[in-house]
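Spelled out, the chains give:
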Amino acid sequence: MKQVAILISGRGSNMEALCQAAETTDSAYQVCRVLSNRPDAKGLQWASDHGFSTRVVDHRKFTSKAEFEAELNDDLNTAGADFVCLAGFMRLLSANFVQKWRGRLLNIHPSLLPSFPGLVPQQQALDAGVRISGCTVHFVSEDMDAGPIIVQTAVPVLPQDSEATLSKRILTAEHRTYAPALAAVCAGRVFWDGGSKATMSDEAGEPLHHYLDI
Ligand code: GAR
């Protein structure tokens, strides 16, 4: 059974989805830690109310990013994490940290990467006039939102969408996308040779590249 730590900064709805999937009988992973860089992250309360181990490593209490990340790394090791999932964790991690967790560090982003990396990707999608957007689960690499894609879910962008309505549709897709991708990584069904592409297979061993919520 693989041990997974989840890093959050706020609401934590993806963290909830990952925790709930971990509670199913055939889960490939357990959640060993929910860690936030913000003491006021809403998701912390949900996690502790549901019996998950929580910890705050407040980045503002460290004089350098290196010290913050050293504490983060120590705690992840103390918790026994095999894999780390970023779930709305809004701190950029350094190359040094990313290299330590290479192939074991996942992120979810609310766009079809490489389109719309960075902040407000849903508004970026609306501004660009795209007809389809979605979410991406990927391994974290040194460059922001640029690591090898594990799986993507596509959703429509509707003519009347606001940032709020599109964000909600994408978030619903995120909740259905992250846990299966994490389970596949934990079960050894995601192959990544360190290059720019990763491949994921379903439980029957068939390639699984995407989900369509269209
Ligand atoms: C999610 O939409 C996640 O994809 C996004 O922040 C939100 C967190 O919501 N992450 C990023 O934009 C990272 N670049 P949550 O706290 O309810 O999971």
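Residues numbered from 1 in each chain as written. Predicted model: local features only at pLDDT ≥ 70, side-chain atom pairs only at ≥ 80, totals over all residues. Heavy atoms only, no water.

## Overview of the nonpolar core
Taken as a class, soluble globular proteins show a tendency for nonpolar side chains to be buried jointly. In this structure, Ile6, Tyr29, Leu106 and Ile150 are the most contacted members of the largest nonpolar core, which totals 44 residues. Considering every element that reaches this core, the biggest residue donor is helix H6 (residues 163–186), with ten residues. Excluding anything up to four places from it in sequence, leucine 106 contacts Val84, Cys85, Leu86, Val137, His138, Phe139, Val140, Ile150, Tyr178, Leu182 and Val185. (Core = buried A, V, L, I, M, F, W, Y, C linked by side-chain atoms within 4.5 Å. Buried < 20%, exposed > 50% of the residue type's maximum accessible area, 1.4 Å probe, protein only. Helix = DSSP H or I, 4+ residues; strand = E, 2+ residues; numbered from the N terminus. Contact = heavy atoms within 4.5 Å.)

## Here's the deal with the site of the ligand
For the ligand, the full set of nearby residues is Arg11, Gly12, Ser13, Asn14, Gly88, Ile108, His109, Pro110, Asp145, Leu171 and Glu174. Between the ligand and glycine 12, the relevant distance is 2.8 Å, taken from an oxygen atom to a main-chain nitrogen or oxygen of the residue. Starting from 450 Å² of accessible surface for the ligand in isolation, the protein chains cover 87%. Of all the cavities here, the one that holds the ligand is the largest pocket. Looking at the shell around the ligand, the elements that each hand over two or more residues are helix H1 (13–22), strand E5 (105–109) and H6. In terms of residue class, the shell around the ligand is made up of three nonpolar, five polar and three charged. (Near = heavy atom within 4 Å. Polar contact = N/O pair within 3.5 Å; in protein donor to acceptor, adjacent residues only side chain to side chain. Areas by Shrake-Rupley, 256 points an atom, 1.4 Å probe, with all protein chains shown as cover. 1 Å grid on protein atoms, 1.4 Å probe; cavity = no way out; pocket = protein on both sides within 12 Å on 5 of 7 lines; lining within 4 Å. Sits in = over half its atoms within 2 Å of the grid points. Nonpolar A, V, L, I, M, F, W, Y, C, P; charged D, E, K, R; others polar.)

## Concerning the pairing of E5
With five of its five residues buried, E5 lies for the most part within the structure. Neither face of E5 is open: one carries Leu105, Asn107 and His109, the other Leu106 and Ile108, and all of them are buried. Between the parallel elements strand E4 (residues 83–86) and E5, the chain passes through helix H4 (residues 95–100) in a crossover that is right-handed. The pairing of E5 with strand E6 (residues 132–139) spans four bridges and is antiparallel. Of the residues in E6, the one forming a bridge with histidine 109 is threonine 136. (Right-handed = clockwise from strand over helix to strand, strands pointing away. Pairing = 2+ DSSP bridges.)

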